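Architecture and fold: a report
Here's the letter readout for the chains.
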Amino acid sequence: MTLSDNSRRNLRFVSAAIAALLAADAADHAAKAQVPQATITRICGPFPPTFIPPLPSQPPSPPTPSTQTLCQGGPPGTVTSDTLSSITPNQFNSLNFLGTTSGNTELDEASRRLRRKREAENASSRAGGDTRYAAADPTVVNDASSGERLFGPLSLFFNARGGILDRDDTATQRGFSGNTVGGRIGADYRLTPAFLLGSYLGYDHINADYVAGTGKTGIDNYSIAFYANYNATDRLYLEAVGGYVANSYSVTRNGAFTPAGAGAAPTTAFTAVGNTHGNQWLGTVGLGYEIPIGAGAVTPYGRLNYVQTRVNGYTETSDSLLGTQVNGTTTNSITSVAGLRGSYAIGLSWGVLVPQARGEYIHEFDGANQTSSVFSNDPARAPLLISDPVTRDYGRIGFGVTAVLPRGFLPFFDYEALVGDEHTSQHIFTAGLRIEF
């Protein structure tokens with residue numbers, strides 16, 4: 001097996017481009033490492049005298065100058081370090097994290113959709129079957145034998161997706177245990193034997209419960225995506241995906257204010273609730289090269305993903321004076337994906353079964369975000385800044401199976417897991433059906 005001169009030049013160009021991106025990214029990280037960056041800046045400002053309620057056994061007294069502050073080491077009546085941890089709104093960073101994670105998952109789902117389509121189209125010939133795809137080429141129909149089953153250029157599909165997403169508690173983000181449920185419905189059309197266009201609509205609901213009962217977050221995602229696949233040769237393919245997601249967020253934050261020092265009041269629990277909206281723009285371009293090996297195939301592939309996540313600002317409502325005003329944020333994630341996929345077509349009496357497995361190495365070039373907020377009742381309006389560190393390198397592994405059945409029915413199942421991220425674990429399960437016409 002040899003590559004043509006054009007294929008060699010294309011591979012050298014792609015390799016040089018990836019090397020340049022990695023070199024630029026490494027230089028950027030090295031420059032940033034020499035500049036001290038604050039992780040958390042907590043406020044230190046006086047609050048109104050009503051901030052601490054009187055003890056139940058004490059009669060109300062006229063307001064007096066406040067000695068309560070939200071900084072450690074201040075005058076009598078300041079809060080303890082445990083209280084600082086309790087009232088610091090680290091939950092806000094989870095909105096950016098969950099948004100960026102779901103955006104990259106959306107791009108992965110669209111790429112898997114194209115992968116399943118390619119595998120199904122090649123499976124029957126690799127297994128020695130008699131199924132061919134007519135596409136929009138009338139010569140395929142005219143040349144077909146009476147024993148062949150021909151599928152037209154149009155296909156419809158729908159799937160259901162569920163997932164588990166957990167993150168450890170860190171200094172900059174509250175840990176949580178989360179889950180996702182949703183689905184997709186869409187269609188694609190093969191304009192020519194080499195060129196495919198498609199689109200789908202999707203919905204996901206994400207629920208995350210923070211550790212130690214410190215609150216919860218709910219997110220509703222409404223997505224639309226467009227995708228294309230072009231078979232440059234019998235083995236080399238190019239793909240592209242673009243999409244938009246509208247997000248709706250709700251955040252419940254629980255904490256406990258525990259003052260210390262002379263005349264301190266008892267611990268006071270509080271709850272703060274916020275609601276906001278946001279959106280995401282998604283895009284990816286990729287290529288792969290399929291190497292047939294008997295009834296199987298090995299495919300090295302690569303993609304470059306872009307996800308922009310915007311979360312609008314909002315003001316919490318609270319049963320205490322610890323509600324916050326949160327500024328809007330924009331997070332840009334640029335990831336490169338290098339993967340290797342293997343599949344094998346098994347011919348059976350009722351159709352063709354195509355199991356596959358894959359592994360991916362992912363590098364994050366950007367992804368940094370910082371949340372800024374102030375306590376609504378703080379006269380000093382001192383900002384609270386929380387910067388969340390980014391995991392630069394991690395991976396994904398997965399396996400799936402597609403069945404090519406008579407009359408154009410193709411059920412499928414897929415599982416994927418996140419690996420190599422010390423603070424995060426993720427598992428995604430997808431099942432669905434495609435119907436060819």
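Preceding this section is the structure that the text describes.
No experiment lies behind these values; they were computed from the predicted model shown.

When its secondary structure is counted, the chain shows four helices and 22 strands. Counting over 437 residues, the chain shows a buried share of 47%. At a minimum sequence separation of 6, the contacts of the chain that also span at least 24 residues come to 67%. Carbon together with sulfur atoms contributes 62% to the accessible area of the chain, which is approximately 19600 Å² in total.

Here A212, not a glycine, exhibits a phi torsion of approximately 55°, which is positive. Tracing the backbone shows A212 in the loop between β6 (195–210) and β7 (215–231).

In globular proteins that are soluble, nonpolar side chains generally tend to be buried together. Among the nonpolar cores identified, the biggest contains 15 residues, and L95, L98, F176 and Y314 are the most heavily contacted of them. At the level of elements, α3 (92–126), β6 and β8 (236–257) are the ones that each hand at least two residues to this core. Tallying contributions element by element places α3 first for this core, with four residues. Filtering out sequence-adjacent residues up to four positions away, Y314 remains in contact with F92, L95, V251, G274, N275, T276, T324, Q325 and V326. Residues L107, F157, L196 and A225 belong to the second largest nonpolar core, which totals 12 residues.

Okay, the environment of N90 next. Among the structural elements, N90 can be located in the loop between α2 (81–87) and α3. Overall, N90 belongs to the buried group, its relative accessible area being 6%. The sequence separation of N90 and D388 amounts to 298 residues, and the corresponding C-alpha distance is 9.4 Å. In this structure N90 touches T170, A171, T172, Q173, R174 and I386, once residues within four positions along its chain are discounted.

This next bit is on the pattern of salt bridges. For the coordinates displayed, the defined rule picks out 18 salt bridges. Of the charged contacts, one joins R112 and D414 as a salt bridge, the two residues approaching to 3.6 Å between their closest N and O atoms. Here R112 is found in helix α3, whereas its partner D414 is found in strand β21 (residues 409–419), with 302 residues between them in sequence. Of the two residues, R112 and D414, neither departs from the other in class, the shared state being buried. The partner of R434 in a salt bridge is E436, and the shortest N-O contact between them spans 2.8 Å. For R434, a relative accessible area of 1% translates into the label buried. Assessed through its relative accessible area of 4%, E436 is described here as buried.

Turning our eyes to something else, we now look at the packing of aromatic side chains. Considering all chains together, one arrives at eight aromatic pairs under this definition. Note on F176 and Y210: the rings are 6.4 Å apart at their centroids and 85° apart in plane angle, and the pair reads as edge-to-face. With F176 in strand β5 (residues 176–192) and Y210 in strand β6, this residue pair connects regions lying 34 residues apart in the sequence. We classify Y210 as buried; its relative accessible area is 4%. For the pair F399 and Y415, a centre-to-centre distance of 5.4 Å together with 45° between the ring planes defines the contact as tilted. Placement of F399 in strand β20 (residues 393–404) and of Y415 in strand β21 is noted, with a sequence separation of 16 residues between them. A relative accessible area of 44% means that F399 is categorised as partly exposed.

Reading guide: rules and limits
Once a new chain begins, its residue numbering starts again from 1 and follows that chain's sequence as written. At least 70 in pLDDT is required for a residue's local features to be given in this predicted model, at least 80 for side-chain atom pairs to be given and counted, and no such filter applies to totals for whole chains, interfaces and linings, which use all residues. Note that water and hydrogens are dropped before the side-chain values are worked out from all heavy atoms of the structure. A run of DSSP states H or I qualifies as a helix once it reaches four residues; a run of E qualifies as a strand once it reaches two. Both are numbered from the N-terminal end. Per-residue accessibility, obtained with a 1.4 Å probe over protein chains only, is compared with the maximum for each type, and a residue is labelled buried under 20%, exposed over 50%, and partly exposed between these values. Contact between two residues is taken to exist if any of their heavy atoms lie within 4.5 Å; hydrogens are not considered. For the accessible areas, the method is Shrake-Rupley and the probe is 1.4 Å, while residue cover comes only from the protein chains on display. By nonpolar core we mean a set of buried residues, namely Ala, Val, Leu, Ile, Met, Phe, Trp, Tyr and Cys, connected to one another through side-chain atoms within 4.5 Å. Basic side-chain nitrogens of Lys or Arg form a salt bridge, by our definition, when they fall within 4 Å of a carboxyl oxygen of Asp or Glu. Under the pairing criterion, centres of Phe, Tyr and Trp rings, with the six-membered ring standing for Trp, must be within 6.5 Å; the plane angle then separates stacked pairs below 30 degrees from edge-to-face pairs above 60, leaving the rest tilted.

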